[in-house]
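Now for the letters of each chain:
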Amino acid sequence: MANTFAQDVLNGLTAKQKYLSSKYFYDDNGSRIFQEIMNMPEYYLTDAEFEILSMQSKKIIDALQFSGTFNIVELGAGDGFKTFKLLEYLVNNKISFNYVPIDISKEAIDILTARLKERLPSINIKPKVGDYFELLKVNKQSKYPSLLLFLGGNIGNYKEDKALRLLELFNENMKKGDKLLIGFDLKKNPVTIHNAYYDKHGITKRFNLNLLLRINRELEADFKIDDFDFYCHYNPITGEVKSYIVSLKKQHVKIKALNKTIDFDYNELIWTELSKKYAIDDIRSLAERTNFSNNTNFLDCKHYFTDSLWKKI
């Protein structure tokens, strides 16, 4: 991972339009800051999806039409806050299942495992730490049908071609009849979206600048955090929120581990994240193009968000 991180940082910061991959946000500190983001009142995604999984657990499980024991494989589980209500429903109704949370952060997985064992002592949990692209491969060998969870609107972080490839990869590692419950942030009033991502508390700014701190720590760089700012922009036509780190001055940053000095101009941008918002028709099209059938869309009461249930064809 360290070598991949170094190479990706080098590629991104030497590109004509500088960029850094958002997948590197989530070191342990980044994961902690993201928990703060999810707790912001403006960050509607958490509450909307929590409402769906709390109020519609029975509908979701009934829609699976699984008989007997099944797996719930959660990709990028984080602290498992939203998933808890779904798991609680299953445990309370004595439905037989194996919960397999996967996350790149060991700290997040350790906290999640301890919390679940305390609150749901009878749960059968098999946590895994690492890249879910690799860990997902074992799903195909399981004798049980599986429900994959890809929640939180994470699909919106991928450009269209990469989103399609990711969904195809999920499909390839699923057995016929397996299901995917996938979260989509829906298009809505642009002001609501703007306030969620360009927050007045400065938490999203800290989340982005933590990426520079990670480069300092892991690649021996000398980014001066006060010389950089954060900006994001929402385009309501394309549904794309784009986030950037902004260089506030003409400056040079040495990255010792890369044996490289990176030059920044006044107000030069580093693109860090895409967060795409979808219409229901977009979701249906995405499913069809990646060999899934879109069974049901479970929406919150404001229709801000949907957890969409797909079946591998």
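Residues numbered from 1 in each chain as written. Predicted model: local features only at pLDDT ≥ 70, side-chain atom pairs only at ≥ 80, totals over all residues. Heavy atoms only, no water.

A separate point is the environment of Gln65. Along the chain, the position of Gln65 falls in the loop between helix 4 (57-64) and strand 1 (70-75). Along the primary structure Gln65 and Gly177 are separated by 112 residues, whereas in three dimensions their C-alpha atoms are 9.8 Å apart. (Helix = DSSP H or I, 4+ residues; strand = E, 2+ residues; numbered from the N terminus.)

A positive phi angle, close to 55°, is found at Gln65, a residue other than glycine. Positive phi values are uncommon outside glycine, yet Asn291 reaches one of about 65°.

On to the pattern of salt bridges. This structure, assessed with the given rule, holds 21 salt bridges. Close ionic contact of Arg165 with Glu168 constitutes a salt bridge, the shortest N to O distance being 3.5 Å. Within this pair, Arg165 and its partner Glu168 are both found in helix 8 (residues 160-172), separated by three residues, close to a single helical turn. The class of Glu168 is partly exposed, set by a relative accessible area of 29%. Taking the shortest distance from any N to any O, the salt bridge between Glu218 and Arg214 comes out at 2.9 Å. Of this pair, Glu218 and Arg214 both sit in helix 10 (residues 203-219), four residues apart, which is roughly one turn of that helix. Linked by salt bridges that have partners in common, Asp27, Arg214, Arg217 and Glu218 make up one network. (Salt bridge = Lys/Arg side-chain N within 4 Å of Asp/Glu carboxyl O. Buried < 20%, exposed > 50% of the residue type's maximum accessible area, 1.4 Å probe, protein only.)

What follows concerns the nonpolar core. Within soluble globular proteins, side chains that are nonpolar generally end up buried alongside one another. Counting 70 residues, the largest nonpolar core has Tyr99 and Ile255 as its most contacted members. Take this core: its biggest share by element is seven residues, from helix 10. Setting aside residues no more than four positions away along its own chain, Ile255 makes contact with Val9, Leu13, Ile215, Leu219, Glu220, Ala221, Lys260 and Ile262. In this structure, Val73, Leu148, Tyr278 and Leu286 belong to the second largest nonpolar core, which totals 25 residues. (Core = buried A, V, L, I, M, F, W, Y, C linked by side-chain atoms within 4.5 Å. Contact = heavy atoms within 4.5 Å.)

The seven strands lie next to each other as 3-2-1-4-5-12-11, forming an open sheet whose pairing is mixed. Every other strand in the sheet has two partners, leaving strand 3 (128-129) and strand 11 (292-299) as the edge strands with one partner each. Bridge count between strand 1 and strand 2 (residues 97-103): six bridges; the pairing is parallel. What sits directly across from Val73, in strand 2, is Val100. The strands touched by helix 11 (residues 280-289) within the sheet are strand 5 (179-185), strand 11 and strand 12 (305-312), with strand 11 carrying the most contacts at an inclination of about 150°. (Pairing = 2+ DSSP bridges. Axes fitted to C-alpha atoms, helices over the stretch in contact; angles between N-to-C directions.)

Note on placement: Asp185 falls in strand 5. Separated by 2.6 Å, the side chains of Asp185 and Tyr44 make a polar contact. Here the side chain of Asp185 touches Lys277 through a polar contact of 2.8 Å, side chain to side chain. Aside from chain neighbours lying at most four places away, what touches Asp185 is Tyr44, Leu45, Gly153, Tyr197, Lys276, Lys277, Tyr278, Tyr304 and Phe305. (Polar contact = N/O pair within 3.5 Å; in protein donor to acceptor, adjacent residues only side chain to side chain.)

Let's shift gears to helix 10. Taking 1.5 Å of rise per residue, the 17 residues of helix 10 would be expected to cover 24 Å, and the 24 Å separating its terminal C-alpha atoms lies within 8% of that figure. Ile203, Thr204, Phe207, Asn208, Leu209, Asn210, Leu211, Leu212, Arg214, Ile215, Asn216 and Leu219 are the residues of helix 10 that are buried. Phi turns positive, to about 55°, at Glu220, one or two residues after helix 10. (Expected span 1.5 Å × (residues − 1).)

Our next topic: the environment of Phe70. For Phe70, the location among the structural elements is in strand 1. Along the primary structure Phe70 and Asp178 are separated by 108 residues, whereas in three dimensions their C-alpha atoms are 9.6 Å apart. Those residues in contact with Phe70 that sit more than four places away from it in its chain are Leu64, Leu90, Ile95, Ser96, Phe97, Asn98, Tyr144 and Pro145.

Before going further, it helps to spend a moment on the side chain of Ser275. One can find Ser275 in strand 10 (residues 269-276). Ser275 sits in the buried class, given a relative accessible area of 4%. If we ignore the near neighbours within four places in the chain, the residues touching Ser275 are Gly156, Asn157, Tyr197, Gly239, Glu240 and Val241.

Time to look at helix 3 (residues 44-55). Helix length check: helix 3 (12 residues) gives 16 Å between terminal C-alpha atoms against 16 Å at 1.5 Å per residue, within 8%. Taken residue by residue, helix 3 has Tyr44, Leu45, Thr46, Ala48, Glu49, Ile52 and Leu53 as its buried positions.

Summed over all chains, the structure comprises 20 aromatic pairs. Aromatic side chains Tyr26 and Phe34 sit 5.6 Å apart centroid to centroid with 85° between the ring planes, which places their arrangement in the edge-to-face category. Look at Phe34 and you get buried, because its relative accessible area is 18%. Ring centres 5.3 Å apart and planes at 50° place the aromatic pair Phe66 and Phe70 in the tilted group. An aromatic cluster is built from Phe25, Tyr26, Phe34, Tyr43, Tyr197 and Phe207, whose rings are joined through pairwise contacts. Here the basic side chain of Lys18 rests over the ring of Phe264, its NZ or CZ set 5.1 Å away from the ring centre. Geometry around Trp271 places Lys242 over its ring, the cationic atom sitting 4.9 Å from the centre. (Phe/Tyr/Trp six-rings, centres within 6.5 Å; stacked < 30°, edge-to-face > 60°. Lys NZ or Arg CZ within 6 Å of the ring centre and 35° of its normal.)

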